[in-house]
Amino acid sequence: MLHNVRQQQKREEKRIRQAEKALKSRRLGIYLHIPFCKSKCAYCDFYSLPAGDKRMDAYLEALCAHITESAPYLRGFTIDSVYIGGGTPSYWGEKRLKALLKVVRKELAPANDCEYTLECNPDSVTLKLLKTVRDLGVNRISLGVQSAREEELKAVGRPHTFAQAREAVALIRKAKLDNLNLDLIYGLPGQTMETWQESVEAVLALKPEHLSLYGLQVEEGTPLYQRRGSLDLADDDALADRYLWAVNRLAQAGYDQYEISNFARPGRASRHNLKYWTLQEYVGFGPGAHSDFGGRRYSYVRDVNAYIEGVLHGGTLLDQDDQIPPQERSAEYLMLGMRTVHGISGQEYRNTYRMHFAPVEEKLRSFAAQGWAVEEEGRWHFTPEGFLLSNQLIGLLLEVREAATLEQVLGKQ
């Protein structure tokens, strides 16, 4: 009898060890949303708002409490990326960031090689802030430059100058932070090919490790959308010319394109952002933050007051919560994978989702004939010209996938 009990205990201990090992092999990203800005940019449709110290302090309390109460469910995972985005986290201030990072390190215990990214605006960067966050783990800065031209920055309500951006980069280097991303936007009001080229050359002179180039989106509900009829905006052909020029120029400068909008020195691709495009797990905290964890996608309410109330006093926190079936994951694999230069693989698709890839591949071959896609070493990805049409082309791939899925299901009946 005793022997049987001991054998059962040993089997249970072995099962626990195996489960712990499996968890540690699952790598997890953490996103922390700081929704406060000095002012709202004219094009921004992210959840952000200006706020005073009282609300920012209440938010710190709620965010730290939410992390603390969630931490037991995340233990055992290897947390290899922490991304503090916004909003403007640097505007939130050094003391609040320090308190937040201490809670993250204590409760979540990220891996020793964790990539910690902090988003900043040039006008709210100080050497003291940079040294404080560096000492608490931050090793990557993402700086919203957007343009090197003052008139273009003013046209969309950016609160900084390019001179401040140069000063911020100097402070980042002085703080001994050697992983820097700079954001730029093409298609700003009044921008020409010549001023776009000037901006690209100006940021290349700052020698960042990473560059993100985004086409301006005039989103409904933004101040820019309300003024769209009076703005000097580029047409699609002009935007395409600027994008393709930049892709070639960055390649010449030693930056590898690894996603539609992202370029990096070798080894400096954003670990956290790659999680989104390669269907890895991540957990978000904060109003409007999204998560993909445990086979579910969920998000929190886009209201800072409701979020604070939900965490601290038990109000409603969730905005959406969906179980993702395998067939929907197969669509995400195509949609997100084709955003990257790594692309998609027929073998991965068949093995993971047990679905036919031949119809998708046939469509990809038709894209290749137009110069929009290419197959390399068994993987398909878009060319720069294909990336320009990615929304339409991915839509066509999803239509083919849906028809093939229906045919496969009917064939089994």
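Residues numbered from 1 in each chain as written. Predicted model: local features only at pLDDT ≥ 70, side-chain atom pairs only at ≥ 80, totals over all residues. Heavy atoms only, no water.

Asks: Just give me the short version of the overall build of the protein chain, but keep the residues and values in it.
Replies: The helix and strand tally for the protein chain stands at 17 helices and 15 strands. Relative to the compact-globule value of 22 Å for 413 residues, the protein chain shows a C-alpha radius of gyration of 23 Å, a close match. Expressed as lengths along the three principal axes of its C-alpha atoms, the size of the protein chain is roughly 85 × 55 × 40 Å. For the protein chain, with 413 residues in total, the buried portion stands at 50%. Put simply, the protein chain shows about 20200 Å² of open surface, and 49% of that area lies on carbon and sulfur atoms. In the protein chain, 53 side chains carry a positive charge and 54 a negative one; their mean positions are 9 Å apart. (Helix = DSSP H or I, 4+ residues; strand = E, 2+ residues; numbered from the N terminus. Rg over C-alpha atoms; globule rule 2.2 N^0.38 Å. Buried < 20%, exposed > 50% of the residue type's maximum accessible area, 1.4 Å probe, protein only. Areas by Shrake-Rupley, 256 points an atom, 1.4 Å probe, with all protein chains shown as cover. Lys, Arg positive; Asp, Glu negative; His and termini not counted. Charge placed at Lys NZ, Arg CZ, Asp CG, Glu CD.)

Asks: Outline the packing of helix H4 (residues 94-108) against helix H5 (residues 127-135), supporting the account with residue identities and numerical values.
Replies: The geometry of a pair of packed helices is captured by two quantities: the angle between their axes and the separation between those axes. Axis separation between H4 and H5 bottoms out at 10 Å; the angle between their running directions is 5°. By the angle class used here, H4 and H5 are roughly parallel. For the pair H4 and H5, contact is made by Glu94, Leu97, Lys98 and Leu101 and by Lys128, Leu129, Thr132 and Val133, respectively. Looking at the contact of H4 with H5 residue by residue, the class counts come to four nonpolar, one polar and three charged. (Axes fitted to C-alpha atoms, helices over the stretch in contact; angles between N-to-C directions. Parallel < 35°, antiparallel > 145°, perpendicular 65-115°, else oblique. Contact = heavy atoms within 4.5 Å. Nonpolar A, V, L, I, M, F, W, Y, C, P; charged D, E, K, R; others polar.)

Asks: So what about helix H10 (residues 236-252)? Which residues, and what values?
Replies: Over its 17 residues, H10 runs 25 Å from end to end, which matches the ideal 24 Å to within 8%, given 1.5 Å per residue. Tucked into the core, H10 has its buried residues touching strand S5 (180-186), helix H8 (193-204), strand S6 (210-215), strand S7 (256-259), strand S8 (262-264) and helix H16 (384-388). Phi turns positive one or two residues past the end of H10, at Gly254, with a value near 95°. (Expected span 1.5 Å × (residues − 1).)

Asks: Requested: an account of the pattern of salt bridges, with residues and values cited.
Replies: Within this structure, the stated rule accounts for 22 salt bridges. The shortest N-O distance in the salt bridge between Glu107 and Arg75 comes to 3.6 Å. One end of the pair, Glu107, is in helix H4; the other, Arg75, is in the loop between helix H2 (53-74) and strand S2 (78-86), and 32 residues separate them in sequence. Residue class for Glu107 comes out buried when judged on its relative accessible area of 15%. Given the relative accessible area of 47%, Arg75 is considered partly exposed. Note that Glu332 and Arg329 form a salt bridge whose closest N and O atoms lie 3.0 Å from each other. Here Arg329 and Glu332 lie together in helix H13 (residues 326-337), a separation of three residues that amounts to about one turn. (Salt bridge = Lys/Arg side-chain N within 4 Å of Asp/Glu carboxyl O.)

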